[in-house]
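Each chain is listed here by its residues.
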Amino acid sequence: MALHSAPRLGVVVPSGNAAAEPEIGSLVSPAFNVHTSRFPVLPGKDLRGRLEKYNDVLPEVLGNFGGLRLDAAVVSCTGSHYLLTPDGDRALCAELSERIGAPVRSAALAILDTVRALGTERLVLISPYEPWLTELSRAYWESAGLAVDRVVKIRAGARFSPYDVTTDELVAQVREAELPEDAVLLFTGTGMFTFDALAELGRDGGHTLLTSNLASAWWARDTLGLPAEGPDAHPLLRRLAERTGARTGARTDSRTGTRAGASGAAPVAVATP
């Protein structure tokens with residue numbers, strides 16, 4: 001597809017997040033062009049204060065795309081949306097979708113969309129967050145009707161810092177947890193690099209491996225009718241498509257939570273929180 005005619009995906013990221021753009025960009029290339037708007041730097045605020053402020057300024061940050069017409073947009077910060085209930089998150093994204101005239105999804109809601117497509121109601125949470133934010137994440141998923149069977153707390157050295165977790169640390173700590181073969185592992189946090197770890201862990205067995213950035217890319221392609229199992233899709237997306245049983249040309253309407261086939265058949269409702 002020519003660059004000038006490729007769909008445009010807007011991605012909103014925290015100022016210090018180095019992982020979201022390259023991972024999402026790799027996952028949707030060459031089907032999309034990716035354009036980014038960053039949350040402001042907020043000196044003097046602790047993590048919770050920054051996350052709360054992100055929700056306040058999100059309409060303005062999306063507005064920074066100006067006259068650039070987007071086909072879809074992802075808010076690539078799960079932490080700020082864990083402060084909301086799933087219903088509150090959905091309401092905010094619906095409002096933002098109306099405002100910019102294109103579907104907007106938080107990474108958290110994109111994860112829920114993907115989990116529903118997987119047909120599972122159980123997760124193992126792989127979290128690099130500080131404990132309070134990990135518990136907030138667990139509460140979000142449980143409020144959405146999912147069971148969190150276990151939490152694997154990932155450290156960067158001796159501390160919790162998503163941006164600083166290395167591949168070796170991530171792989172070692174997941175393997176040490178000795179998780180069931182049929183578990184769905186959710187690696188939360190858009191700022192934690194995961195590609196190399198997923199490639200290594202994918203050799204271990206039958207785990208379904210899901211990340212915030214992988215779900216965001218899956219949602220974007222699905223929303224615009226580009227199948228995740230297509231020949232141009234990233235191998236991680238094709239692997240996920242095998243687990244979801246995604247239908248070619250199927251898409252999710254981010255406003256109504258329905259899926260419709262490319263043939264124009266009647267939409268089939270899905271439980272999208």
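Please refer to the structure placed before this passage.
Residues numbered from 1 in each chain as written. Predicted model: local features only at pLDDT ≥ 70, side-chain atom pairs only at ≥ 80, totals over all residues. Heavy atoms only, no water.

Engineer: Explain the overall build of the chain to me, using residue names and the numbers behind them.
Structural biologist: Regarding its fold elements, the chain presents 10 helices and 11 strands. Within the chain, buried positions represent 53% of all 273 residues. The long-range fraction of contacts in the chain, counting pairs at least 24 apart against all pairs at least 6 apart in sequence, stands at 72%. A total of about 11300 Å² of accessible surface is found on the chain, and carbon and sulfur atoms cover 50% of it. (Helix = DSSP H or I, 4+ residues; strand = E, 2+ residues; numbered from the N terminus. Buried < 20%, exposed > 50% of the residue type's maximum accessible area, 1.4 Å probe, protein only. Contact = heavy atoms within 4.5 Å. Areas by Shrake-Rupley, 256 points an atom, 1.4 Å probe, with all protein chains shown as cover.)

Engineer: Just give me the short version of the environment of Ser127, but keep the residues and values in it.
Structural biologist: In this structure, Ser127 sits in strand 5 (residues 122–127). Between the alpha carbons of Ser127 and Thr188 there is a distance of 5.6 Å; along the sequence they are 61 residues apart. Not counting residues up to four positions away in its chain, the partners in contact with Ser127 are Thr134, Val152, Lys153, Ile154 and Thr188. Looking at Ser127, its side chain comes within polar contact range of the side chain of Thr134, at 2.7 Å. (Polar contact = N/O pair within 3.5 Å; in protein donor to acceptor, adjacent residues only side chain to side chain.)

Engineer: Which residues make up the nonpolar core, and what are the values?
Structural biologist: Judged by nonpolar contacts, the single largest core of 80 residues is most densely connected at Ile126, Trp141 and Phe187. Considering each element in turn, this core owes the most residues, seven residues, to helix 5 (residues 107–118). (Core = buried A, V, L, I, M, F, W, Y, C linked by side-chain atoms within 4.5 Å.)

Engineer: Kindly report on the pattern of salt bridges, identifying the contributing residues and their values.
Structural biologist: Enumeration according to the criterion identifies 13 salt bridges in this entry. The partner of Arg38 in a salt bridge is Glu21, with the nearest N and O atoms 2.8 Å apart. Of this pair, Arg38 sits in strand 2 (residues 33–38) while Glu21 sits in helix 1 (residues 20–28), and the two are 17 residues apart along the sequence. When its relative accessible area of 24% is taken as the criterion, Glu21 is described as partly exposed. Linked by salt bridges that have partners in common, Arg175, Glu200, Arg203 and Asp204 make up one network. (Salt bridge = Lys/Arg side-chain N within 4 Å of Asp/Glu carboxyl O.)

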